[in-house]
Amino acid sequence: MEVGDVVRITDCDDEPTGMGRSCNCFFCRGNSNRLGLVTEYLGSTRFNVRFDIGHWILFDTDIANNNAEVISAASR
């Protein structure tokens, strides 16, 4: 993951909690499209990502654990 990449957060597998939401996570509660732009390298393995509902910090382990995926790499 690098600054300029477009990432997608994978869908939640949690059981519905009512009111049409699949869970209480940041992305479900915000009815997010789960697409984000990596805007800043924060050191170590952390990246600031801008989503339609706000900023979120992703780690390289989020990609490795299939919690997120890079869907469009920035031109290098």
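The structure presented is a predicted model; accordingly, all values stated were derived computationally and were not measured. (Residues numbered from 1 in each chain as written. Predicted model: local features only at pLDDT ≥ 70, side-chain atom pairs only at ≥ 80, totals over all residues. Heavy atoms only, no water.)

## Side note on the environment of Asp 52
Line of reasoning, step 1. With respect to the element layout, Asp 52 can be found in the loop between strand E3 (46–51) and strand E4 (54–59).
Line of reasoning, step 2. For the pair Asp 52 and Leu 37, spaced 15 residues apart in sequence, the C-alpha separation works out to 9.5 Å.
Line of reasoning, step 3. There is a polar contact of 2.6 Å between the side chain of Asp 52 and the side chain of Ser 32.
Line of reasoning, step 4. In terms of polar contacts, Asp 52 uses its side chain to reach the backbone amide nitrogen of Asn 33, at 3.1 Å. (Helix = DSSP H or I, 4+ residues; strand = E, 2+ residues; numbered from the N terminus. Polar contact = N/O pair within 3.5 Å; in protein donor to acceptor, adjacent residues only side chain to side chain.)

## Re the pairing of strand E1 (residues 6–9)
Line of reasoning, step 1. Taking every second residue as pointing to the same face, the buried face of E1 carries Val 7 and Ile 9, while none of Val 6 and Arg 8 on the other face is buried.
Line of reasoning, step 2. As judged from the three bridges shared by E1 and strand E2 (residues 35–43), these two strands associate in the antiparallel manner. Across the sheet, residue Val 6 finds its bridge partner in E2, namely Leu 37.
Line of reasoning, step 3. Across four bridges, E1 lies against strand E5 (residues 68–72) in antiparallel orientation. Residue Arg 8 lies in a different strand from E5, and its bridge partner there is Glu 69. (Buried < 20%, exposed > 50% of the residue type's maximum accessible area, 1.4 Å probe, protein only. Pairing = 2+ DSSP bridges.)

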